[in-house]
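Chain by chain, the residues:
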Amino acid sequence: MWPRHFIEHLPCRSLLSRFTSLHPLTTLSRFREPKQPQQPQHSKQQPQQDPYALMKEDPIQICTDLWVKSFSIQKKSPTPAPPLPPPPFANLTGFLTKFDLWILAYQRTVAHVIGTFPPRNALRSHVLHDLLSLRNAVLKGEFTWGMKTHLYIRSPNDKAATKLMSKRKLQKLLESNEPPFQDRVVQEVLLFILEPVFEPRFSSKSHGFRPGRNAHTVIRTIRSHFAGYLWLLKGDLSEIFGNVDANVMMRCLEKGVRDRKVLGMIKSALKAPIKSAAGGDIDEEGDKKMKKMRKRKKGSKKRFLNENEPKPDPYWLRAFFDFAPEEAGMVPCYGHCGILSPLLANVCLNELDEMLEGKIVEFFRPSKLDSIWKDSIDDGCHNPAWPEFVPSSGKEKTRRMDYIRYGAHFLIGIRGPRGDAVETRRLVIEFCRDRLGLMLDNSKVEIQHISRGIQFLDHIICHRVIYPTLHYTGTGGKIVKGKGVGTLLSVTACLQQCIRQFRRLDLLKGDKDPEPLPCTPMLYSSQGHTNSQMNKFLEAMADWYRYADNRKKVVGFCAYVIRSSLAKLYAARYRLKSRSKVYGIASRDLSHPLRDSSNNSAPEYSDLLRMGLVDVIEGVQFSHMSLIPSCDYTPFPRNWMPDHEQVLQEYVRLQDPKFFFELHTSVKRGGLSLPQDEISEIVWDFKTLGVRQFVGEKRR
């Protein structure tokens, strides 16, 4: 009897189904254990849908419509302060059914894995079918976070299994800390849906992990809006990045989302444990030890990239990332949430933002004897072109508070006695304990006077007393000069922190008198490539310290360290024994070619350059202090918002028929007028009437 007939006549049909399910090319993705009824049974599914028939819409248009809808709901909310939050979204499952969103999520995930964004028409048929099965599993509730043996879709770097996996490889796969590829795809889809829902709800005081906002907007806001405050409170809530109560997070999410499917997926991602190689939960110390072991293994043996593996980041970019301040270097990670974690952290910390925004309004008490904020909370009463300067005032001052947050770190400015700062710290600690489940002490929320300075985002914020010569426009347009006195807010880069970062990169040694060390990671690179790489690093550092008062000083120090480090490297590579000899041959900016003294038969560099066989060596930038750009003192608008939010609000306003009706009515009543005519009229009245009469006429 043939083996096929023998198997067909076996009394146990379940054995036959088990053999047919073990396809050699999809061993891990198609195998299903009978003890897990929640996993999909591909053999018992209904006729599969055609993925090409579901590709009907543009995914960018779908996301844009959701952004516009969320901002239009925010626009309809009442205008008086504090504004009421918009109603939550009750149905988001319809966006999960959009197959075009899943395709875009897959493209972004592939770009993250292999470094190139695959075009939509290049996706193969089996990829679309697997992606459709993943979408159906999420909709039916059959998807489980962190499953590595039951895969619906594979990473493009995974090799097709042509034979059964050994027990050792299977155990290694199960014990690995790398999340599955399909988890990242689901996270991307949820991010497409949740980010536009919560962005209009977030406070304008929050700048971390949000589109259009970064650390530079924080520095510019502090420079323009924190002048005049006497006490600064710096808070550290980084504990919430490592661990957060799932019930607290779900309570914050339910204020914006009421969809059970989406909330259930996020709750399962928060509560699902991540297993380590030992079988327990991953802790921070174990994770750090594993990273150190990987670094040692990588350094002992050369590693070749796979076919679709992206190239590693260049040395200058990795060095610049190591310069990230403490506030910007911490990224939250919650269970299997992955790229959703920063958004969820902002959702949770938005409770603190709303509480402090309400306290800002309650805390304000104006004083006519003060030189700033005499009448309203938004009235600066000083030169808007020089917001860092605050004229001196009497003993009685306006009580005012401001607040800004970047990630898990926040800064509160208070104009008033120190008792108000102590009371504010007590309120923050109690709120974090009762609402967020964070146990803070006074060391986590430190109080410092502005004259002593406080460090935030590697910048020191303080003020000093100055006596400037002020120019006023008097009656009839006359310019009046007068000696003034006041305080000037200073935002400077912390040079000691910069030295510590260079020491961590092994480019510097010593504290009081630091000495540069050779840049050994660029030992086997050419002179032109090394100079160009470090120039990119210096350009990034100059841009990072763009809004620091001592920008020239700190960038000049960075340029000195890099130039000296490269000079020591070239001295060792070309056997020149000292930096002075390197500078004598290659000049101060190291732009002239260096050549090994033992290779006397090599042709001259000028001849090779003339024949086009070599490229021009780029000199190290900022070799002179005059080449370093100065600090950018451009004033930051008080009601600033990112460009995409301005476009969305303008689009929503243009869609409102009431706006066109009011515009049509105003044109009928007043007629059309050019902006130039209005500006010239305002300037003429300002010069002829003077400052006080002009302001009085406007108020009347």
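**Some words on the environment of Tyr570**
Working step 1: Within the secondary structure, Tyr570 is located in helix 22 (residues 551–573).
Working step 2: The exposure class assigned to Tyr570 is buried, which follows from its relative accessible area of 0%.
Working step 3: Counting along the chain gives 51 residues from Tyr570 to Cys519, while the straight-line C-alpha distance between them is 9.4 Å.
Working step 4: Every residue in contact with Tyr570, bar those within four places of it in the chain, is listed here: Gln527, Thr530, Asn531, Arg575, Val582, Leu590 and Leu594.

**Comments concerning a positive patch on the surface**
Working step 1: Where like charges cluster on the molecular surface, the positive patch consists of Lys159, Lys163, Lys169 and Lys172.
Working step 2: One can find Lys169 in helix 9 (residues 167–175).
Working step 3: The class of Lys169 is exposed, set by a relative accessible area of 56%.

**Quick notes on the confidence of the model for the protein chain**
Working step 1: In this model, the protein chain carries a mean pLDDT of 81, and residues with pLDDT of at least 70 account for 79%.
Working step 2: This stretch, residues 1–45, has a pLDDT under 50; its non-local contacts, to residues over four places away or in other chains, come to 45 contacts.
Working step 3: A low-confidence stretch, residues 276–284 stays under pLDDT 50, and its non-local contacts, those more than four residues away or across chains, total 15 contacts.

**So, the environment of Phe143**
Working step 1: Tracing the sequence through the fold places Phe143 in the loop between helix 8 (125–140) and helix 9.
Working step 2: Considering only alpha carbons, one finds Phe143 and Met265, 122 residues apart in sequence, at a separation of 9.0 Å.

**Some thoughts on the pattern of salt bridges**
Working step 1: Applying the stated criterion across every chain yields a total of 24 salt bridges.
Working step 2: Notably, a salt bridge pairs Glu188 with Arg184, separated by 3.5 Å at the nearest N-O pair. Remark: Arg184 and Glu188 occur in helix 10 (residues 181–198); sequence separation between them is four residues, near one turn of the helix.
Working step 3: Here Asp549 and Arg223 are joined by a salt bridge, their closest N and O atoms 2.9 Å apart. Placement of Asp549 in the loop between helix 21 (527–544) and helix 22 and of Arg223 in helix 11 (residues 215–225) is noted, with a sequence separation of 326 residues between them.
Working step 4: Residue Arg223 is classed as buried on the basis of its relative accessible area of 3%.
Working step 5: Here the salt bridges share partners, and the residues they tie into one network are Glu199, Arg210, Arg213 and Glu645.

**Remarks on the sheet that holds strand 10 (residues 486–493)**
Working step 1: Strand order across the open sheet formed by four strands is 2-10-7-6, with antiparallel pairing between neighbours. Of all the strands in the sheet, the pair left with one neighbour each is strand 2 (389–391) and strand 6 (454–456). Between one strand and the next, the sheet's axes are offset by a mean angle of 30°, whatever the strand orientation.
Working step 2: Two elements, strand 2 and strand 10, share three bridges in a ladder whose sense is antiparallel. Across the sheet, the residue bridging to Val390 is Thr487, located in strand 10.
Working step 3: Contacts from helix 11 reach strand 6, strand 7 (459–466) and strand 10, with the element oriented near 165° to strand 10.

**So, the nonpolar core**
Working step 1: One finds Trp102 and Tyr334 to be the most contacted residues of the largest nonpolar core, which totals 90 residues.
Working step 2: Residue contacts for Tyr334: discarding those within four places in its chain leaves Ile240, Phe241, Val244, Met249, Ala269, Leu270, Ser341, Leu344 and Ala345.

**What to know about helix 25 (residues 643–655)**
Working step 1: Over its 13 residues, helix 25 extends 18 Å from the first C-alpha to the last, a length consistent with the 18 Å expected when each residue adds 1.5 Å.
Working step 2: Considered for burial, the residues of helix 25 that qualify are Glu645, Leu648 and Val652. Viewed end-on, helix 25 has its buried residues packed into an arc of 65°, placing them on one side of the element. Exposed and oriented more than 90 degrees from the buried face of helix 25 are Asp643 and Val647.

**Looking at the packing of helix 13 (residues 246–253) against helix 18 (residues 341–363)**
Working step 1: Contact geometry for helix 13 and helix 18: axes closest at 9 Å, N-to-C directions at 80°. Here helix 18 runs roughly perpendicular to helix 13, going by the angle between their axes. Contacts between helix 13 and helix 18 involve Val248, Met249, Cys252 and Leu253 from the first element and Leu344, Ala345, Val347, Cys348 and Glu351 from the second.
Working step 2: Partitioning the contact of helix 13 with helix 18 into residue classes produces eight nonpolar, no polar and one charged.

**Considerations on the pairing of strand 7**
Working step 1: The sheet contact formed by strand 6 and strand 7 spans three bridges and is antiparallel. When the sheet's bridge partners are listed, Phe456 is paired in strand 7 with His459.
Working step 2: Linking strand 6 back to strand 7 in an antiparallel pair, the connection comprises two residues, with Leu457 at a positive phi of about 55°.
Working step 3: Both strand 7 and strand 10 contribute to a ladder of eight bridges, which runs antiparallel. Note that in strand 10 the partner of Ile460 across the bridge is Thr492.

**Let's talk about the packing of aromatic side chains**
Working step 1: In this structure the tally under the stated criterion is 16 aromatic pairs.
Working step 2: Through a chain of ring-to-ring contacts, three or more aromatic side chains come together here, namely Phe323, Phe502, Phe537 and Phe557.
Working step 3: When the ring centre of Phe363 is taken as origin, the NZ or CZ atom of Arg399, which lies over that ring, is 4.8 Å away.

**Remarks on the side chain of Asp259**
Working step 1: Relative to the helices and strands, Asp259 is located in the loop between helix 13 and helix 14 (260–271).
Working step 2: At 7.6 Å, Lys261 is the nearest oppositely charged side chain to Asp259, a buried residue that forms no salt bridge.
Working step 3: One polar contact links Asp259 to Thr93, side chain to side chain, over a distance of 2.7 Å.
Working step 4: Setting aside chain neighbours within four positions, we find Asp259 in contact with Phe89, Ala90, Asn91, Leu92 and Thr93.

**Details of a nonpolar patch on the surface**
Working step 1: Taken together, the side chains of Leu654, Phe660, Leu663, Val667 and Leu672 make up a nonpolar region of the molecular surface, amounting to roughly 480 Å² of accessible area.
Working step 2: Residue contributions to the nonpolar patch peak at three residues, all from helix 26 (residues 657–670).
Working step 3: You can see Val667 is positioned in helix 26.

**A word on the sheet that holds strand 5 (residues 445–449)**
Sheet strands line up and pair through hydrogen bonds in the backbone, either parallel or antiparallel.
Working step 1: Across the sheet, four strands lie side by side as 3-4-1-5; this open sheet has antiparallel pairing. The outermost strands of the open sheet, each flanked by one partner alone, are strand 3 (400–406) and strand 5. Taking the axes of each pair of neighbouring strands and ignoring which way they run, one obtains an average angle of 15° across the sheet.
Working step 2: In this sheet, strand 4 (residues 409–415) lies alongside strand 1 (residues 231–236) in antiparallel orientation, the contact comprising six bridges. The residue bridging Gly235 from the neighbouring strand is Phe410, located in strand 4.
Working step 3: Strand contacts of helix 11: strand 3 and strand 4, with the helix running at about 170° to strand 3, the strand carrying the most contacts.

Parameters and conventions
- Residues numbered from 1 in each chain as written.
- Predicted model: local features only at pLDDT ≥ 70, side-chain atom pairs only at ≥ 80, totals over all residues.
- Heavy atoms only, no water.
- Helix = DSSP H or I, 4+ residues; strand = E, 2+ residues; numbered from the N terminus.
- Buried < 20%, exposed > 50% of the residue type's maximum accessible area, 1.4 Å probe, protein only.
- Contact = heavy atoms within 4.5 Å.
- Patch = residues over 30% accessible without salt bridge, like charges linked within 9 Å, V, L, I, M, F, W, Y side chains within 5 Å.
- Areas by Shrake-Rupley, 256 points an atom, 1.4 Å probe, with all protein chains shown as cover.
- Salt bridge = Lys/Arg side-chain N within 4 Å of Asp/Glu carboxyl O.
- Lys, Arg positive; Asp, Glu negative; His and termini not counted.
- Charge placed at Lys NZ, Arg CZ, Asp CG, Glu CD.
- pLDDT = per-residue confidence, 0-100.
- Pairing = 2+ DSSP bridges.
- Axes fitted to C-alpha atoms, helices over the stretch in contact; angles between N-to-C directions.
- Core = buried A, V, L, I, M, F, W, Y, C linked by side-chain atoms within 4.5 Å.
- Expected span 1.5 Å × (residues − 1).
- Arc of directions from axis to C-beta.
- Parallel < 35°, antiparallel > 145°, perpendicular 65-115°, else oblique.
- Nonpolar A, V, L, I, M, F, W, Y, C, P; charged D, E, K, R; others polar.
- Phe/Tyr/Trp six-rings, centres within 6.5 Å; stacked < 30°, edge-to-face > 60°.
- Lys NZ or Arg CZ within 6 Å of the ring centre and 35° of its normal.
- Polar contact = N/O pair within 3.5 Å; in protein donor to acceptor, adjacent residues only side chain to side chain.

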